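So you can see what is in the structure, the chains are spelled out below.
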Amino acid sequence: MTVEERIVAAVKEAIGEMAGQTIDTDQIVLQKTRKEFEGDLTLVVFPFAKRLGRPPGPLAEAIGQAVAGRVREVVFYNVAGGFLNLSLQPAYWLSFLETNAGNESYGYRPAPEKEQKPVVVEFSSPNTNKPLHLGHIRNNLLGFSVTRILEAAGHSVVKVNLVNDRGIHICKSMLAWMKYGKGETPGSTGKKGDKLVGDYYVKFESLLHEQVRRLIDSEGFSEEEARNRAPLMVEARELLRRWEAGDPEVTGIWKMMNAWVYEGFDATYRKMGITFDKIYYESDTYLLGRDIVRQGLSEGRLEKKDDGSVWADLSLWKLDEKLLLRADGTSVYMTQDIGTAQLRYDDFHPERMIYVVGNEQNYHFDVLKKVLTVLGKPYAGMICHLSYGMVELPEGKMKSREGKVVDADDLMDEMVETARRTTEELGKIQDLGQDETDSLNHMIGLGALKYFILKVDPKKNMLFNPSESIDFNGHTGPFIQYTHARIRSIMRSAGTERLAAPFPRLGERILNEKELSLLKNLHSFEGAVVEAAREFSPALIANYVYELCREYNQFYHEYSVLNEPDRSLSDFRLQLSRLTGLTIGNGMKLLGIGVPEKM
RNA sequence: GGCCCCGUAGUUCAACGGAUAGAAUAGAAGUUUCCUAAACUUUAGAUACAGGUUCGAUUCCUGUCGGGGCUACCA
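Residues numbered from 1 in each chain as written. Chains lettered and ligands numbered in written order. Predicted model: local features only at pLDDT ≥ 70, side-chain atom pairs only at ≥ 80, totals over all residues. Heavy atoms only, no water.

### Examining the side chain of Thr285
Part 1 of the reasoning: Residue position: Thr285 is located in helix α12 (residues 282-298).
Part 2 of the reasoning: Using a relative accessible area of 2% as the deciding quantity, one classes Thr285 as buried.
Part 3 of the reasoning: Among residues more than four places away in sequence, those in contact with Thr285 are Thr340 and Leu343. (Helix = DSSP H or I, 4+ residues; strand = E, 2+ residues; numbered from the N terminus. Buried < 20%, exposed > 50% of the residue type's maximum accessible area, 1.4 Å probe, protein only. Contact = heavy atoms within 4.5 Å.)

Spelled out as structure tokens, the structure:
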């Protein structure tokens, strides 16, 4: 049990004895004491004052006395208004540092038992006719980081990707390539496969748009009708029909073009540093949902309309009916999601299934959960939509169809290029070889980008302005990486022998303000990890690490580590720096960001 | 129209209902004989508006204004 937990327990006990009533643990608010007050931890007493009908001041006093008597580490307390400030004995902080200074996995819970049920996290989920853009970057980084955070919090995790590789939209890019491609390939054009296919999708849409406009003008059709009647659309539907019928020519082209796309995606994932444990393809799974729906129909859980379409009645939750099978028996998006959920459940028997999907699909996931409930599926309650906000451009939402996107590859390349220029300008690392320099610049460039995105609360929309490049100074990834490099530099100078020496005895020496606040900061890393796992929020880690670095840089500026003449004090600061470095590294690892030895 | 989300310094982001709303950046002024100045210090600057709930509201409720999303036999 941590000290915080023991204090909370003591408070609970004390109040129980004083008032004869029990208080919920989560009603006991213990926060860090603000800098302007004396103490380490602060208990907010107001809520209890009200319940016990006693004035806050004296009550705080009484609780303080009780806690000091029960928790050994609490050596002093003071009351300010309705706040009870508790001070821990300095030796507590020192022993904390002593036990953790060399702990490479500080902040991480031990790996889970084999029999523990995993959490399945789906993220990325690309569409094979759209190259990845900034919106996908947020999805990928979030999803990947959340899996690392869950692992650090002691969960077993499976990372899955669901590739949307079939449907009418895929036929569109195929059709455009068949009609106008003249046999182009990634090899013949030197283009990345996903980009090449994406270009044909855009080409289809723009040609279709022309046809639609002409039909509206000449025949007076409505937009919808014109879209339906446009020759290109008719051909695309015919292509889909042939695909579903297994036409060898069509599936051959489909396989070939998909292979191009996957090669392109792989390159992008590699650059981003993202990996998966399992990749699902909708073309493999889309029929499964249909069977489940038919089964549900035969069990009387669903309704069939006169035209043959199948619906789920969600009026119990004040939602509309939801279509699950069209009149012609084909499936819709929701039908597929039912199938993939089932498959995932069968494959992993998870405790939870998390979907990292944008908040534009909030309604969809609400409905999915309800539909699975109607179907009586045991995993209906396991579905958890990790809903994140859009990345907006200054002119609004990104739209693939209109080509208004920030391309993922381009953006990453620009970041690396900026890193390269900055590294050269500063000229601090001449001793590295070309390969090392390249990988350093990659680390810094990607670090800046990833941090920029992950520091924002996932739930919130965020803005990206392409004309203002992402910063490398201030509240940024490179700032954190730089702090790490500084610390590593000290570690190298100190040498392994000194680091391995017994922990210094400081005697009666009082830690200075910076040392103490650094220690407290380090101490709260574990809590930050647990909180981030509970909230699915890498932003909490990002902001924690930043705060830690700011704290360290102030300390570094004000006090010397290796040049401190008092040897034991110098050793203490060395260990303090060491744990700071480890914590920065471990924190950044949870964000999928590397930290350098030098920069 | 109905439903949901969001309005915090010029800008981008913080703040379990808790003490004087934090940072960064842009602006102004400084710090290099000292372990990496991608750093540090000082300075100025914000809760859209109007009510309510409470010991206490950026946070919860209501209304107004502003922005975004969803509301497909698209995915």
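### Structural notes on the protein's contact with RNA strand B
Part 1 of the reasoning: Every one of the 62 residues lining RNA strand B counts as a neighbour, but Val29, Arg326, Lys428, Tyr482 and Tyr559 are closest to it.
Part 2 of the reasoning: For RNA strand B, the backbone portion of the atoms within 4 Å of the protein, that is sugar and phosphate, comes to 60%.
Part 3 of the reasoning: Within the side chain of Ser489, one N or O atom sits 2.7 Å away from a phosphate oxygen of RNA strand B.
Part 4 of the reasoning: Backbone polar atom of Tyr559 to a base nitrogen of RNA strand B: 2.4 Å apart, as the coordinates give it.
Part 5 of the reasoning: Contributing elements (two or more residues each) for the surface near RNA strand B: β2 (41-44), α2 (46-52), β4 (83-88), α15 (408-426), β15 (462-463), α17 (477-500) and α20 (538-558).
Part 6 of the reasoning: Looking at side-chain class alone, the surface near RNA strand B contains 28 nonpolar, 18 polar and 16 charged residues. (Near = heavy atom within 4 Å. Polar contact = N/O pair within 3.5 Å; in protein donor to acceptor, adjacent residues only side chain to side chain. Nonpolar A, V, L, I, M, F, W, Y, C, P; charged D, E, K, R; others polar.)

### Regarding the layout of surface pockets
Part 1 of the reasoning: By volume, the second largest pocket is sized at about 1200 Å³.
Part 2 of the reasoning: Along the wall of the second largest pocket there are 35 residues; nearest its centre are Thr2, Glu4, Ser524, Glu526 and Gly527.
Part 3 of the reasoning: Per element, the largest residue contribution to the lining of the second largest pocket is seven residues, and it comes from helix α19 (residues 525-535).
Part 4 of the reasoning: Along the lines of polarity and charge, the residues of the lining of the second largest pocket split into 16 nonpolar, nine polar and 10 charged. (1 Å grid on protein atoms, 1.4 Å probe; cavity = no way out; pocket = protein on both sides within 12 Å on 5 of 7 lines; lining within 4 Å. Points joined across faces, edges and corners; volume = space filled by probe spheres on them.)

### Some thoughts on the environment of Gly264
Part 1 of the reasoning: With respect to the helices and strands, the residue Gly264 is situated in helix α11 (residues 248-272).
Part 2 of the reasoning: Residues Gly264 and Pro378 lie 114 residues apart in sequence; the distance between their C-alpha atoms is 38 Å.
Part 3 of the reasoning: Ignoring sequence-local partners within four residues, the contact set of Gly264 consists of Lys192 and Asp194.

### Quick notes on the sheet that holds β4
Part 1 of the reasoning: The antiparallel open sheet is built from four strands, whose spatial order is β1-β2-β4-β3. At either margin of the open sheet sits one strand with a lone partner, and together these are β1 (30-32) and β3 (74-80). Between one strand and the next, the sheet's axes are offset by a mean angle of 30 degrees, whatever the strand orientation.
Part 2 of the reasoning: Strand direction decides the pairing type here: β1 and β2, joined by three bridges, are antiparallel. Within β2, the position partnered with Lys32 by the bridge is Leu41. (Pairing = 2+ DSSP bridges. Axes fitted to C-alpha atoms, helices over the stretch in contact; angles between N-to-C directions.)

### A word on the domain arrangement of chain A
Part 1 of the reasoning: Entries for chain A in the domain assignment read domain 1 (3-88), domain 2 (166-275) and domain 3 (418-458 + 465-590).
Part 2 of the reasoning: For domain 1 versus domain 2, the separation of C-alpha centres amounts to 65 Å. (Domains from an automatic or database assignment.)

### Re empty space enclosed by the protein
Part 1 of the reasoning: What the rule picks out here adds up to two cavities of 30 Å³ or more.
Part 2 of the reasoning: Taken together, Thr128, Ile170, Ser173, Met174, Val197, Trp254, Met257 and Asn258 make up the lining of the largest cavity.
Part 3 of the reasoning: Counting residues per element, the ones that place at least two in the lining of the largest cavity are α6 (168-180) and α11.
Part 4 of the reasoning: Along the lines of polarity and charge, the residues of the lining of the largest cavity split into five nonpolar, three polar and no charged.
Part 5 of the reasoning: Approximately 30 Å³ is the volume attributed to the second largest cavity.
Part 6 of the reasoning: In terms of lining, the second largest cavity is formed by Arg498, Ala501, Pro502, Phe503, Pro504, Asp571, Leu574 and Gln575.

### Considering the environment of Arg294
Part 1 of the reasoning: Mapped onto the elements of the fold, Arg294 is located in helix α12.
Part 2 of the reasoning: The exposure class assigned to Arg294 is partly exposed, which follows from its relative accessible area of 42%.

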